[in-house]
Amino acid sequence: MTNILHLRDTDRICGPGKTIIETACAASPDFRHIVGVFMLPREQENLYLRAAEARGVATVALRSSHQFDPRMVRTILRAVDELGIDIIHSHDYKSDILTWLVSRLRPMPIMTTVHGWIRNSLKAKIYIGAGQKVLPAFRRVVAVSAETRLAILACGVPEHKVPVIHNAIVTANYQPSAAAPNYLRERFSLPPGARIVGCIGRLSPEKGQRDLLAAAAAIVKARSDVWFALVGDGPDRQALEAQARERGIHDRVVF
């Protein structure tokens, strides 16, 4: 059996995290997928770890004293030894850097999937820049789109190392029958004949919800039967709610 350690720096259930869990659940018995998540001592609960465990996926909490603790490399090495890890698969810029450092001390196959680079803070920009520099050292750097592949190649990664595996969902997990008819209308007291424009995703600047609300302000002036539903959460929620109020459409937008 080949043991694969997936490294992810998250405390929420997001798109890349769901991909890891679904991959683990659908994998051949010849492969054992283990989800490793970075956690601080004060963090007692991690929603992503719980979600993985609920699906029967093996997990390991990788704890450090602070976010920039270099001793995390030793922690990962200890997990590699205890779990008999054969391959490390990182999934974000922080785990890319740590995986590369681990491989310098313990030569072993390493790979990463680039789910996207979000530069919404100075810390993220620094991490992304450092993470991009180590990408050429990985055996495989999976791109989730053709555009992402071009960005990876620009980092100096040889073409033969960069396959494209498009994002997908397990449709069986999303059945219309699982929700009551008119659930959204009833929960937010929307008129029976309302036309609802939905946007599902993390509330973050790169997702474009601010552009959607700018368009919504023009649409509601012309149409009295249109409402907008933003489904999700994230760091931009307060700013988006403020934008809706400032544009006078807060009564036509639900979060």
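The structure under discussion appears in the preceding block.
Since we're looking at a predicted model, the values are computed, not measured.

Looking at the overall build of the chain
So, step 1. Within the chain, the regular secondary structure consists of nine helices and nine strands.
So, step 2. On the principal axes, the C-alpha backbone points of the chain span a range of 65 × 40 × 35 Å.
So, step 3. Looking at the 255 residues of the chain, the share that counts as buried comes to 39%.
So, step 4. Considering only intrachain contacts with a sequence separation of at least 6, the fraction spanning at least 24 residues in the chain is 64%.
So, step 5. For the chain, the accessible surface area stands at approximately 14,300 Å², while carbon and sulfur atoms represent 54% of it.

Quick word on the packing of aromatic side chains
So, step 1. Enumeration according to the criterion identifies two aromatic pairs in this entry.
So, step 2. Between Phe68 and Tyr127, the aromatic rings sit 5.9 Å apart at their centres with planes inclined by 15 degrees, giving stacked as the arrangement. Placement of Phe68 in the loop between strand E3 (58–63) and helix H3 (72–83) and of Tyr127 in helix H5 (residues 122–134) is noted, with a sequence separation of 59 residues between them.
So, step 3. For Tyr127, a relative accessible area of 15% puts it in the buried group.
So, step 4. Ring pairs connect the aromatic residues Phe68, Tyr93 and Tyr127, which therefore count as one cluster.

A closer look at the pattern of salt bridges
So, step 1. This structure, assessed with the given rule, holds 12 salt bridges.
So, step 2. For Arg195, the salt bridge is made with Asp225, and the minimal N-O distance between the two is 3.4 Å. Highlighted residues: Arg195 in strand E7 (residues 195–200) and Asp225 in the loop between helix H8 (209–222) and strand E8 (226–231), separated in sequence by 30 residues.
So, step 3. Its relative accessible area of 52% is what places Arg195 among the exposed residues.
So, step 4. Of the charged contacts, one joins Arg202 and Glu206 as a salt bridge, the two residues approaching to 4.0 Å between their closest N and O atoms.
So, step 5. Salt bridges sharing partners connect three or more residues here, namely Glu45, Arg50 and Glu53.

Considering the sheet that holds strand E1 (residues 2–8)
So, step 1. What the six strands build is an open sheet, ordered E3-E2-E1-E4-E5-E6; its pairing is parallel. Of all strands in the sheet, those with a lone pairing partner are E3 and strand E6 (140–143), marking the two edges. For this sheet the average axis-to-axis angle between neighbouring strands, irrespective of direction, equals 25 degrees.
So, step 2. Direction of pairing for E1 relative to strand E2 (residues 31–39): parallel, over a ladder of seven bridges. When the sheet's bridge partners are listed, Ile4 is paired in E2 with His33.

About the thresholds
Residues numbered from 1 in each chain as written. Predicted model: local features only at pLDDT ≥ 70, side-chain atom pairs only at ≥ 80, totals over all residues. Heavy atoms only, no water. Helix = DSSP H or I, 4+ residues; strand = E, 2+ residues; numbered from the N terminus. Buried < 20%, exposed > 50% of the residue type's maximum accessible area, 1.4 Å probe, protein only. Contact = heavy atoms within 4.5 Å. Areas by Shrake-Rupley, 256 points an atom, 1.4 Å probe, with all protein chains shown as cover. Phe/Tyr/Trp six-rings, centres within 6.5 Å; stacked < 30°, edge-to-face > 60°. Salt bridge = Lys/Arg side-chain N within 4 Å of Asp/Glu carboxyl O. Pairing = 2+ DSSP bridges. Axes fitted to C-alpha atoms, helices over the stretch in contact; angles between N-to-C directions.

Limitation: the analysis is restricted to geometry and does not speak to function.
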